[in-house]
Structures are given as C-alpha cells and as structure tokens.
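Chain residues, written in single-letter form:
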Amino acid sequence: MNIQRLGDLKLALGECPIWHEGRLWLLDCRQGLILALDPDSGEVTARHEAPAPLGSFAFNGDGCIVLSLKEEIAALNLRDGSLRSLARIEASHPHLRLNDGTALADGSFVAGTMHVFREPGEAPLGGLYRLDTGLRLHKLDEGLGIVNGPCVNPVNGRLHVADSAERVIYSYAIAADGTLADKQVFLRTDAYDSGPDGCTFDSEGGLWTALVRTGAIARFDMQGGLTRWIDVPVAHPSALCFGGPEMADLFVTSISDSGRLHASGPLDGAVLKLTGVGFRGSARPVCRLAL
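Residues numbered from 1 in each chain as written. Predicted model: local features only at pLDDT ≥ 70, side-chain atom pairs only at ≥ 80, totals over all residues. Heavy atoms only, no water.

S.K.: Before we go on, may I ask you to explain the environment of S238 in this structure?
M.R.: Mapping S238 onto the fold places it in strand β22 (residues 237-243). Residue class for S238 comes out buried when judged on its relative accessible area of 0%. C-alpha of S238 to C-alpha of E15: the two residues are 223 residues apart in sequence and 6.1 Å apart in space. Ignoring sequence-local partners within four residues, the contact set of S238 consists of G14, E15, D197, G198, A210, T253, S254 and I255. Only 2.8 Å separates the side chain of S238 from the side chain of T253, close enough to count as a polar contact. (Helix = DSSP H or I, 4+ residues; strand = E, 2+ residues; numbered from the N terminus. Buried < 20%, exposed > 50% of the residue type's maximum accessible area, 1.4 Å probe, protein only. Contact = heavy atoms within 4.5 Å. Polar contact = N/O pair within 3.5 Å; in protein donor to acceptor, adjacent residues only side chain to side chain.)

S.K.: What is the right way to read the environment of L54 from this model?
M.R.: With respect to the helices, strands and loops of the structure, L54 is situated in the loop between β5 (44-49) and β6 (56-59). Accessibility expressed as a relative area gives 0% for L54, which makes it buried. Setting aside chain neighbours within four positions, we find L54 in contact with L27, D28, C29, G32, L33, I34, L67, S68, L69 and R97.

S.K.: Sorry if this is basic, but what is going on with the pairing of strand β3 (residues 23-28) here?
M.R.: Consecutive residues of a regular strand have side chains that alternate between opposite faces of the sheet. Taking burial as the measure, the six residues of β3 include five buried ones, the bulk of the element. With five bridges joining them, strand β2 (residues 14-20) and β3 adopt antiparallel strand pairing. Pairing of I18 across the sheet is with W25, part of β3. In this structure, the hairpin formed by β2 and β3 is closed by a connection of two residues, where E21 is found at a positive phi of approximately 50°. Examined bridge by bridge, β3 and strand β4 (residues 33-37) share five bridges and lie antiparallel to one another. (Pairing = 2+ DSSP bridges.)

S.K.: Got a minute to help me understand the pairing of strand β21 (residues 226-231) in this structure?
M.R.: By the bridge criterion, five bridges tie strand β20 (residues 216-220) to β21 in an arrangement that is antiparallel. Looking at the pairing, I217 lines up with I230 of β21. What sits between β20 and β21 in their antiparallel hairpin is a turn of five residues, with G224 showing a positive phi close to 85°.

S.K.: Any chance you could explain the sheet that holds strand β19 (residues 207-211) here in plain terms?
M.R.: Backbone hydrogen bonds are what pair the strands of a sheet, in a parallel or an antiparallel way. Pairing in this open sheet of four strands is antiparallel, and the strands run β18-β19-β20-β21 from one edge to the other. Unpaired on one side and paired on the other, β18 (196-201) and β21 mark the two borders of the sheet. With strand direction ignored, the average angle separating the axes of adjacent strands in the sheet is 20°. Where β19 lies against β20, five bridges are found, and the strand directions are antiparallel. Within β20, the position partnered with A210 by the bridge is I217. (Axes fitted to C-alpha atoms, helices over the stretch in contact; angles between N-to-C directions.)

Printed below as a string of structure tokens:
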C-alpha cells in the first residue's frame, strides 16, 4: 500500500470527496469552495464558490449540484454560478448548521445537522433530513449531535449514519417511500479515542471511516468488527471515498482549521491518495431532483 499527497492543496475544512466522471470532487467547507481535482496530478480542474459554511453536496442528473448550506438545501448551476434555494430546515440557531449528506439510489438527497457548543444535557436541534425528488423535505430522525458519513451498505441496503458527537454509527432500514425504520447501533468508536467522521463502503460491505481525532482511517466488517487500521500523515482525516479507473484508490480529505479542530503539520489540510488498499468501492448515486 502507498500513501501520497495529491496536489498541493491546503484545505481549511476538507470534506465530502466524491468520485464523479473521472475526477475527484470535494469541498473546503469554511472557504465555500467546490473543487475538482485531476486524480493523478492533483491539479485543480474546476473551482466553484457558494456561501460558507458548506456541509455536503451531490451531483444532480441535470448537471447542477445539490448543496447543504447553513440551514437550507440549494442547487448550484455549475454553468452560470446561479444558486437556487430548494428547502429550509425548521430549526435555526447560531451553533446549528447542515453538515454531511449524500444522494440515495432513488434520486433523493439526505443530509444531517451539527449542533455544537451545547450546554450539558441540552438536546441537539435539527436532525436527519431527506429532500425527495419532488423537492419535499422530510425529517427522518432527531437527537443527533453531529451527523456525518451517511452512506448505504451495497450488500444489505441499510443506511448508515455517524453521530460524531456521540461516537456512534447507526444503521437503518430504508422503506420504499424513503422513511427509516429498525434503527440499530452498528458501531461505537470510544475504544479508538475518536468520533467517526466521513464514511464510505467497499463492495464487500465493509464500512471505512475517518477517525478524525486519531489520525487514522479504519475498516469495519458488517458485524462492526475492526478489520483494517491505517495511520495517515494528517492529524485530522475528515472524509474518504473510493475512486480511480477501477474504483480501487482511496482518497482522504483532512482538516487544518475547522474552527474547532486545528493542526499545522506539513500535510494537514492536504488531500491524500491511497493505492493498493486491497478493496474496491462504487460511485455514489446521482440525485434526480426536479429542478
């Protein structure tokens, strides 16, 4: 296995890497940047801006991207830069914002919130939301402090969602109408001294997560057992995805200054490319929102 720096970016809050049409796309959430990188050289081949803080994004079938902004979900037209609001969550607070999200196989977009700097015992506002293809917003769950890494296991079809604040990953059954049921604890990460951040699955149903406070990424089997541990040369790895011509490369984003996490090492904020990890993933679904 080999770990290398991809390009020379130093991101403040690198997040949400997505492999799409032969390029690696990602966010710098604090800077309001959506970037595309050449997967071999790391050269920035596309650059778009949106109001910070950004939480996550997914591609829509019409060429736009769907973005989670502070308290709303919007569509960004990559051709002319126009931004259209699609939905707004019901909660509002200075320390609340939308965070990680993903497209689902039915074309909808799921995103969750993070509510930080809460008082002891204070329940988090917001929750987990789904914007369906008809642009109707549904609240799927609540009581989640920092939502990260939503992704679907390709083997059993269950949605997995991390709550970084509670150091837990839940799994849910997804009904045909997009509602969730059978909430289970898939994994607790207290033993690894970190909450789970971004997540992705390989084709065998193994869940990979960035252990944001431990400087490592880890793979867990479908029973939640640790099967792979990789120390990475950044203090705060934040998210990861498979990509490359055979979907066998693993790309990892990192943090230099999230506002709460800070690191000043030579590779902090860099994008990493891992080759030879021995697993393959699959491309994320594309939204099919009626824009």
